[in-house]
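Each chain, written out:
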Amino acid sequence: MNYLAEFHESYERIMGPQIQISAQGQRFFDYFYGQFIENNPGAKQAFRNTDMERQKQMLRKSLLFMANFSCCEEGTEFMGRIAQTHSRKQYNITPELYDQWLSCMVDTVRKFDPLFDDDVEIAWRLSLAPGISYMKHMYPK
């Protein structure tokens, strides 16, 4: 299985064409942040003063960069900037919050991707894991 291709296919089923996000794609991000913030006290604290519409736009972009981070150089600079802003010195997003973030993301994909199965789940987990590991590693810096 090509997990990166599986990730992108799932992403497009959920979001619609990459040029314009679908109404379902909007609902995906609304649902994700609603669940993530409601079920994680650390997330509630982290997002207390956040413009959530802007945050949803950033997440949409970030998912693709994170998925391509391990295989393509294009995501490296972007991920470096994101890691820096999420580090202890700026937004102080603690490493354990990323594990909760990923679990909530997979649960949201399960709800929104009509073809969700074990292959889709592992594709999302494997595609996002290098970016998450990088973010955790850069936290103390």
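In this text the structure is predicted, and so the values were computed from the model without any measurement.

## Quick word on the packing of aromatic side chains
So, point 1. Under the defined criterion, the tally for this structure stands at 13 aromatic pairs.
So, point 2. Aromatic pair Phe32 and Phe36: ring centres 5.5 Å apart, planes at 15°, arrangement stacked. One end of the pair is Phe32 and the other is Phe36, both in helix 2 (residues 23-39) and four residues apart, which spans about a single turn.
So, point 3. Take Phe36: its relative accessible area is 2%, and that puts it in the buried class.
So, point 4. Between Phe65 and Phe78 the ring centres are 4.3 Å apart and the planes differ by 25°, which places this aromatic pair in the stacked class. Taken together, the residues Phe65 in helix 4 (residues 52-69) and Phe78 in helix 5 (residues 74-86) connect sequence positions 13 residues apart.

## Comments concerning unusual backbone geometry
So, point 1. Residues other than glycine seldom take positive phi values, yet Asn92 does so here, at roughly 60°.
So, point 2. Secondary-structure assignment places Asn92 in the loop between helix 5 and helix 6 (95-112).

Each value, and the rule that gives it
- Residues numbered from 1 in each chain as written.
- Predicted model: local features only at pLDDT ≥ 70, side-chain atom pairs only at ≥ 80, totals over all residues.
- Heavy atoms only, no water.
- Phe/Tyr/Trp six-rings, centres within 6.5 Å; stacked < 30°, edge-to-face > 60°.
- Helix = DSSP H or I, 4+ residues; strand = E, 2+ residues; numbered from the N terminus.
- Buried < 20%, exposed > 50% of the residue type's maximum accessible area, 1.4 Å probe, protein only.

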